[in-house]
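If you want the building blocks of each chain, they are given just below.
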Amino acid sequence: MTAKKLIAANWKMNGSKALVDTMAQQLTNLPSGVDVLLCPPATLLQYFPANRQYALGAQNISEHDAGAYTGELSSNLIIEAGANFVLIGHSERRQYFAETDTLVCAKMQQAVKAGLTPVLCIGETLAEHQQQKTQQVIAKQLAAVYAAQPELLLKSVIAYEPVWAIGTGESATPEQAQAIHAFIRQQISDYNSVAAATVKILYGGSVNAANCRALFAKADIDGALVGGASLKPAEFMQICQSAKD
Ligand code: PGA
């Protein structure tokens, strides 16, 4: 549990240079009590103003340093474009691009090696949720990262995103999310009590201006990873304001 909340935007394959301009304009007066991170498509990173009160991130990186990997982007390329963070293992990458825990771990290591902060996305599918396997799934996803390199969890942000809540309008309830966040912190604490005390655990899945306050009031919810609502500058600003101390 850390003092300042982190609100992260995941634009997915949406946005435009025009949206960068309106978002940058909207975010000129961010409150100081909140940290904000924008993850637009990587081609848009270069268009954000240098003088800004928020950080930038990519939505994916290659697990390789450089070379003959047509269509891929390395950590160094996205750092040059202005990113300090990268989303790793988003459920859409796991589902549509066959990202396994092994690949997720390789990308985590690559990110940390390059000096990027990974935002590790974990969460259960609807079927796993219905079969009450949430804790089992999350424990396995975290254990893979710890096994790959124990320090990775110390250097990461975690985003708990139940897959059934992403883009569906059906957010987890604050109580459901809090219970899983507490479980995640406990799991991390079993590995490393320092990491458990400092790691930020974001909730993601249909977060909007109307439901965010109740989520942020929970002890183990340190912020949000926002998809759809992060494409609406005024609403995204409202979410950021709701998260300030
Ligand atoms: P959503 O997406 O807010 O549109 O549900 C969240 C995410 O996928 O990161």
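See the structure shown above.
Attention in this report is confined to the structure presented alongside it.

About the thresholds
- Residues numbered from 1 in each chain as written.
- Predicted model: local features only at pLDDT ≥ 70, side-chain atom pairs only at ≥ 80, totals over all residues.
- Heavy atoms only, no water.
- Helix = DSSP H or I, 4+ residues; strand = E, 2+ residues; numbered from the N terminus.
- Buried < 20%, exposed > 50% of the residue type's maximum accessible area, 1.4 Å probe, protein only.
- Contact = heavy atoms within 4.5 Å.
- Areas by Shrake-Rupley, 256 points an atom, 1.4 Å probe, with all protein chains shown as cover.
- Lys, Arg positive; Asp, Glu negative; His and termini not counted.
- Charge placed at Lys NZ, Arg CZ, Asp CG, Glu CD.
- Polar contact = N/O pair within 3.5 Å; in protein donor to acceptor, adjacent residues only side chain to side chain.
- Near = heavy atom within 4 Å.
- Nonpolar A, V, L, I, M, F, W, Y, C, P; charged D, E, K, R; others polar.
- Salt bridge = Lys/Arg side-chain N within 4 Å of Asp/Glu carboxyl O.
- Core = buried A, V, L, I, M, F, W, Y, C linked by side-chain atoms within 4.5 Å.
- Pairing = 2+ DSSP bridges.
- Axes fitted to C-alpha atoms, helices over the stretch in contact; angles between N-to-C directions.
- Expected span 1.5 Å × (residues − 1).

Let's talk about the overall build of the protein chain
Secondary structure assignment for the protein chain yields 10 helices and eight strands. The principal-axis extent of the C-alpha atoms belonging to the protein chain is close to 45 × 45 × 35 Å. Looking at the protein chain as a whole, 51% of its 245 residues are labelled buried. Within the protein chain, residue pairs in contact and separated by at least 24 positions form 74% of the contacts whose partners lie at least 6 positions apart. Accessible surface for the protein chain amounts to roughly 10800 Å². Of this, 52% is attributable to carbon and sulfur atoms. Each charge class in the protein chain can be summarised by its mean position, and for the 18 positive and 20 negative side chains these summaries are 4 Å apart.

Focus on the side chain of Gln178
Following the sequence through the fold, Gln178 ends up in helix 7 (residues 174-191). Looking at Gln178, its side chain comes within polar contact range of the main-chain nitrogen of Ala219, at 3.5 Å. Ignoring any residue separated from it by four or fewer positions in sequence, one finds Gln178 in contact with Lys218, Ala219, Asp220 and Ile221.

What to know about the site of the ligand
Taken together, 13 residues sit near the ligand, with Lys12, His90, Glu161, Gly167 and Ser206 positioned nearest. Here an oxygen atom of the ligand sits 2.6 Å away from a polar atom, N or O, in the main chain of Gly167. One nitrogen or oxygen atom from the main chain of Gly228 is found 2.8 Å from an oxygen atom belonging to the ligand. If the ligand stood free it would expose 280 Å²; the protein chains cover 95% of that surface. Residue classes in the shell around the ligand are distributed as four nonpolar, seven polar and two charged.

Brief notes about the pattern of salt bridges
Enumeration over the complete set of coordinates arrives at 13 salt bridges. The closest approach of N and O atoms between Glu235 and Lys232, which form a salt bridge, is 3.8 Å. According to the relative accessible area criterion, Glu235 is buried, its value standing at 17%. Several salt bridges converge on common partners, so that one network encompasses Lys4, Asp35 and Lys200.

Thoughts on the nonpolar core
Core analysis: the largest hydrophobic core is formed by 65 residues, its most contacted members being Ile7, Leu38, Ile158, Ile184 and Phe236. Sequence-distant contacts of Leu38, that is, excluding residues within four places in its chain, are made with Ala9, Met23, Leu27, Phe48, Tyr54, Ala55, Leu56, Gly57 and Phe236. The next biggest cluster of nonpolar side chains, apart from the first, holds 13 residues, and it includes Leu6, Ala55, Phe85 and Val119.

Quick look at the environment of Ala24
With respect to the helices and strands, Ala24 occurs in helix 1 (residues 17-26). Judged by relative accessible area, which is 13%, Ala24 ranks as buried. Setting aside residues no more than four positions away along its own chain, Ala24 makes contact with Pro49 and Tyr54.

Considering the sheet that holds strand 2 (residues 34-39)
Strand order around the closed barrel formed by eight strands is 1-2-3-4-5-6-7-8, with parallel pairing between neighbours. Neighbour to neighbour, the strand axes of the sheet diverge by 25° on average, direction disregarded. Both strand 4 (residues 85-88) and strand 5 (residues 117-122) contribute to a ladder of four bridges, which runs parallel. Residue pairing in the sheet places Val86 in a bridge with Pro118 of strand 5. Seen against the sheet, helix 7 touches strand 5, strand 6 (157-160) and strand 7 (201-204) and runs at an angle of roughly 145° to strand 7.

As for helix 7
A rise of 1.5 Å per residue sets the reference length of helix 7, with its 18 residues, at 26 Å; its end C-alpha atoms lie 26 Å apart and thus fit the reference within 8%. Of the positions making up helix 7, those classed as buried are Pro174, Ala177, Gln178, Ile180, His181, Phe183, Ile184, Arg185, Gln187 and Ile188. Contacts made by the buried residues of helix 7 are with strand 5, helix 6 (134-148), strand 6, helix 8 (193-198), strand 7 and helix 9 (212-216).

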